[in-house]
Amino acid sequence: MLFDLIDQTAGQGFFMSRYDACCLHWRIIVETIGNPWLYAIFFAIVAVMLLVDFLGFKQKGSESNQQPVPIRQAALWSVAWVAVSGLFAGGLWWYLNGTVGAAIANQKTLELVTGYLLEKSLAIDNVFVWLMIFGAFAVPPALQRRVLLYGVLGAIILRTIFIFAGAWLIQEFSWILYLFGAFLVYTGIKFMKGNHAEENDIEDMKLLKWLRGHLRITSTLREGRFFVRENGLLWATPLFVVLILVEFSDVIFAVDSIPAIFAVTTDPFIVLTANLLAILGLRAMFFLLAGAAAKMHYLPYGLGVIMTFIGIKMLLLDVYHVPIGISLGFIAVVLAITGWLSWQHAKGLSVDSK
């Protein structure tokens, strides 16, 4: 296992050493604490968590008679997923502390916690997009659970591909970190301006228009089926369209979130585990936030501040390295202030309505 994140090479790379009497340059090396055993253990945990997630939200009775997931149940499952993530972080620290020492164990665990908190906070905005999609197609609660299960499975596959592709790009073209940083600053400013939503009306989505122009789509849902055969022809149902839109929204979300976490760490194992741990609890978080979406008025602005901070940090990586503890504290403080302001805003609206 290799743990040095910076390597000095002669005449190669992008970052120049301030001590380069021999014209040495800095080159970012994507090195990782990950080994086959750690990856195997982690993906085994993911498989078990997916199974538990499926069984935990499975309800008896026909799909048409099933009710929305109670907020209390969703809250308990959300706490459970956070606890599992905490246990994984603790187990990783214990393993690293025993194999490579406390310094690296502390650093990598702090990176994992910071990346997890960052990914979890950015995922909240994606939940609101799902609410809009389900509302537009009048998807009942039971089918929402099914779509989100497939959505999480697809997200795991796509995120894994994106993360290893991003790690490879950073190793081969270290200057791409600056592009990531500039993109995050641009996106963060959009969030703070209040125009973060690319599509305010589901009917205006270009992907939806393309699907309707190229697929035979039934006019109504056909229970939980994605495809049906009628008059010898294969038809897609609106539920399949919903699934495509959910998966597409996660791709858009990944474009924002994955560059952000690479500002926290370039270790692919930490990036992957933080991402997947954050999205595994998305179904529970969706049902928890379904009734509170309108009350989180200032969340996009808080996310904009966080993304701008991360982007600036990435742009300054060759000038000053922001300690990981400061990044973690900044994200936590911004989320706390955003939550408090949103709560005050919602309370003011309820008072005015009376």
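What you are looking at is a predicted structure, and each value in this text was computed from that prediction instead of being measured. (Residues numbered from 1 in each chain as written. Predicted model: local features only at pLDDT ≥ 70, side-chain atom pairs only at ≥ 80, totals over all residues. Heavy atoms only, no water.)

Chemist: I would appreciate a short explanation of the overall build of the chain in the present structure.
Modeler: Counting its regular elements, the chain contains eleven helices and five strands. Pairs at least 24 apart in sequence give 75% of the contacts found in the chain among residues at least 6 apart. In the form shown here, the chain has an accessible surface area of approximately 17500 Å², with 68% of it arising from carbon and sulfur atoms. (Helix = DSSP H or I, 4+ residues; strand = E, 2+ residues; numbered from the N terminus. Contact = heavy atoms within 4.5 Å. Areas by Shrake-Rupley, 256 points an atom, 1.4 Å probe, with all protein chains shown as cover.)

Chemist: How do you make sense of the packing of aromatic side chains when you look at a structure like this?
Modeler: The description of an aromatic ring pair rests on the distance of the ring centres and on the angle between the ring planes. Under the defined criterion, the tally for this structure stands at eleven aromatic pairs. An angle of 45° between the planes, with centres 6.2 Å apart, marks the rings of Y39 and F164 as tilted. Taken together, the residues span a long stretch of sequence, with Y39 in helix α1 (residues 36-56) and F164 in helix α4 (residues 141-172) at a distance of 125 residues. On the basis of relative accessibility, which here comes to 19%, the residue Y39 falls in the buried class. The exposure class assigned to F164 is partly exposed, which follows from its relative accessible area of 36%. An angle of 75° between the planes, with centres 5.6 Å apart, marks the rings of Y150 and F226 as edge-to-face. A residue pair is termed long-range when its members are at least 10 positions apart, and Y150 in helix α4 and F226 in the loop between α6 (206-214) and β4 (227-230) qualify at 76 residues. Assessed through its relative accessible area of 16%, F226 is described here as buried. (Phe/Tyr/Trp six-rings, centres within 6.5 Å; stacked < 30°, edge-to-face > 60°. Buried < 20%, exposed > 50% of the residue type's maximum accessible area, 1.4 Å probe, protein only.)

Chemist: Is there a simple way to think about helix α7 (residues 238-262) in this case?
Modeler: Side chains that are three or four residues apart share a direction in an α-helix, a result of its 3.6 residues per turn. Spanning 25 residues, α7 covers 36 Å between terminal C-alpha atoms, matching the ideal 36 Å at 1.5 Å per step. For α7, the principal kink sits at A254 and spans about 30°. With 20 of 25 residues buried, α7 lies mostly within the body of the structure. (Expected span 1.5 Å × (residues − 1). Bend = angle between axes of the 7 residues up to and from the residue.)

Chemist: Even after reading the chapter, I still don't get the pairing of β4, so can you show me in this structure?
Modeler: Consecutive side chains of a regular strand alternate in pointing toward one face of the sheet and then the other. The pairing of β4 with strand β5 (residues 233-236) spans four bridges and is classified as antiparallel. The residue bridging R229 from the neighbouring strand is L234, located in β5. Hairpin connection from β4 to β5: two residues lie between these consecutive antiparallel strands, with N231 at a positive phi of about 55°. (Pairing = 2+ DSSP bridges.)

Chemist: Quick question: what am I supposed to make of the pattern of salt bridges here?
Modeler: It is possible for side chains of opposite charge to pair when their charged atoms get near one another. Using the criterion set out here, one finds four salt bridges in the structure. K108 is the salt-bridge partner of D267, the closest N and O atoms lying 3.3 Å from each other. Residue D267 is located in the loop between α7 and α8 (268-280), and its partner K108 is located in helix α3 (residues 102-137); the two are separated by 159 residues in the primary sequence. Residues D267 and K108 agree in their burial class; the two are buried. Put simply, K108, E111 and D267 are held in one network by salt bridges that share partners. (Salt bridge = Lys/Arg side-chain N within 4 Å of Asp/Glu carboxyl O.)

Chemist: Explain α8 here, please?
Modeler: Counted at 1.5 Å a residue, the expected span for α8 with its 13 residues is 18 Å, and the 18 Å between its end C-alpha atoms agrees. Of the residues that open α8, the one with a side-chain oxygen 2.9 Å from the backbone nitrogen of F269 is D267. (Polar contact = N/O pair within 3.5 Å; in protein donor to acceptor, adjacent residues only side chain to side chain.)

Chemist: Explain a nonpolar patch on the surface here, please?
Modeler: On the surface, I312, L315, L316, V319, Y320 and I326 cluster together into a nonpolar patch covering about 550 Å² of accessible area. Of note, V319 is situated in the loop between α10 (299-315) and α11 (324-353). We classify V319 as exposed; its relative accessible area is 62%. (Patch = residues over 30% accessible without salt bridge, like charges linked within 9 Å, V, L, I, M, F, W, Y side chains within 5 Å.)

Chemist: Any chance you could explain the environment of P238 here in plain terms?
Modeler: Tracing the sequence through the fold places P238 in helix α7. Beyond its immediate sequence surroundings of up to four residues, P238 is in contact with F137, I217, T218, S219, T220 and L221.

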